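# Examining the three-dimensional arrangement
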Amino acid sequence: MKFPRFGSDSSDRNRKNMNESGASAHPGEGSSDYAPVSLNDGHIEGTGALPDRFENPGLPPHVHRLGDEDPAAAKRSERQVATLFIMSMLATVLFVVAYFAIDKNSVMTIPFVGPTKALHFVLGFTLALSLLGIGLGAVHWAKTLMPDEEVIEERHELKSDDEAWEAAANIMTGGAEAAQLKRRPLLKWTLGGALGLFAVPVALPLLGGLGPMPKLDLVKTMWDTKINGRGRRLMRDPEGTAIRASDVTLGSVFHVLPEGVNDTEHPLNEKAKASVLLVRLDEAKIKSERQRQWGVDGIVAYSKICTHVGCPVGLYEQQTHHLLCPCHQSTFDMTDDCKVIFGPAKRPLPQLKISVDDEGYLVADQGFKRPVGPSFWEDNGKELKS
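Residues numbered from 1 in each chain as written. Predicted model: local features only at pLDDT ≥ 70, side-chain atom pairs only at ≥ 80, totals over all residues. Heavy atoms only, no water.

### A short note on helix α8 (residues 267-274)
Taken together, the buried positions of α8 are E270, K273 and A274. Along the long axis of α8, the arc covered by the buried residues comes to 85 degrees, so they all point the same way. For α8, the elements touching its buried residues are β6 (253-258) and β7 (276-280). (Buried < 20%, exposed > 50% of the residue type's maximum accessible area, 1.4 Å probe, protein only. Helix = DSSP H or I, 4+ residues; strand = E, 2+ residues; numbered from the N terminus. Arc of directions from axis to C-beta. Contact = heavy atoms within 4.5 Å.)

### Observations regarding a negative patch on the surface
Together, D161, D162, E163 and E166 line one region of the surface with negative charge. Within the fold, D162 resides in helix α5 (residues 162-173). (Patch = residues over 30% accessible without salt bridge, like charges linked within 9 Å, V, L, I, M, F, W, Y side chains within 5 Å. Areas by Shrake-Rupley, 256 points an atom, 1.4 Å probe, with all protein chains shown as cover. Salt bridge = Lys/Arg side-chain N within 4 Å of Asp/Glu carboxyl O. Lys, Arg positive; Asp, Glu negative; His and termini not counted. Charge placed at Lys NZ, Arg CZ, Asp CG, Glu CD.)

### A look at the packing of helix α3 (residues 71-101) against helix α7 (residues 185-208)
A pair of packed helices is characterised by two quantities: the angle between their axes and the separation of those axes. One can describe the packing of α3 onto α7 by two numbers: an axis separation of 9 Å at closest approach and a directional angle of 20 degrees. In terms of their interaxial angle, α3 and α7 are classed as roughly parallel. Like other packed secondary-structure pairs, α3 and α7 cross with a definite hand, here left-handed. Classifying every residue of the contact of α3 with α7 gives 20 nonpolar, five polar and one charged. (Axes fitted to C-alpha atoms, helices over the stretch in contact; angles between N-to-C directions. Parallel < 35°, antiparallel > 145°, perpendicular 65-115°, else oblique. Left-handed = near helix turned anticlockwise from the far one by under 90°. Nonpolar A, V, L, I, M, F, W, Y, C, P; charged D, E, K, R; others polar.)

### Regarding the state of the cysteines
Overall, the coordinates contain one disulfide when judged by the stated rule. The partner cysteine of C311 in its disulfide is C327, sulfur to sulfur 2.3 Å. When the S-S torsion is -105 degrees, as for the bridge of C311 with C327, the disulfide is left-handed. One end of the pair, C311, is in the loop between β8 (299-303) and β9 (315-317); the other, C327, is in the loop between β10 (322-324) and β11 (331-333), and 16 residues separate them in sequence. Judged by relative accessible area, C327 falls into the partly exposed class, the value being 37%. We note that C325 lacks a disulfide partner, and the nearest cysteine sulfur, in C306, lies 3.9 Å from it. (Disulfide = S-S within 2.5 Å.)

Laid out in structure tokens, this is it:
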């Protein structure tokens, strides 16, 4: 049994045609009377051969837009673009108003979404509307008013000559004229207003989200305030018991917080600024006269917050009288007003002036005279005014 071969008929016809004409059906193989095929001639019965090249069909005829020939239509498009830019500006203004006017805790129900924060929804909607107005305006401007001529650029070497550079510069400088900014000032001003106002929704949440200004929160601590006209007592951390001067023996160390710190509105914030390390030194080893005067019989109190990045300085070496920050190894000399002797910290630890009250408890006479913790833009290292 014989099975037909696929394509055998066409192969036979090709061979027959080639034998009758005495030439190959493929270009370049003996064909002498081959003519190029035009794509505009419709269907042509051929031998299956491909031409050496196809004719360039060219570009379709340019279709002029309504605004290219009708000044009234161009003016109408200009007003439409300006309206979109004005819509963007109004949406931006609504964003700013909503940011201040809507309560951040108010809730509204959105269909197919459910309950959501009203402030979040309104801010997102107005911001999207503002950006949409700019985008649609720019697209409508480009499609109806900007030049619409097709341009063909022949390929050339990557490096352009000086004339090409100059031509490119002329094109860039003539961009405003091609966009008709000079002829249509309405578009120029509305686009500038839309883009200028759109920066407000971007910057406003960033600045507003920083919270209230710190005022004196970074330089004042609970040690600056009094209780019944007297300084706050030094309390053991975490026990919360008062410390008598007789309790502090030579070489002993106490972790200290101000009296009443747990009764404040934000106790953790107050503890982060007012934590103190209390140590009793041999007075003969104290090098700083002010350090000696601000202490009591060799008992000195220093801020526990490292002046590098704010880590707790809690490691005391009794033999060398050095305080070590465990985070970045900044080392402070307690016998020399806690000056930095090693590490990245740049300022000494602030000292707390202390005394003894009528009952024998240690109290703070005044707050720190230098800001505690890491340096900031208003901290120049000078003593604070009382």
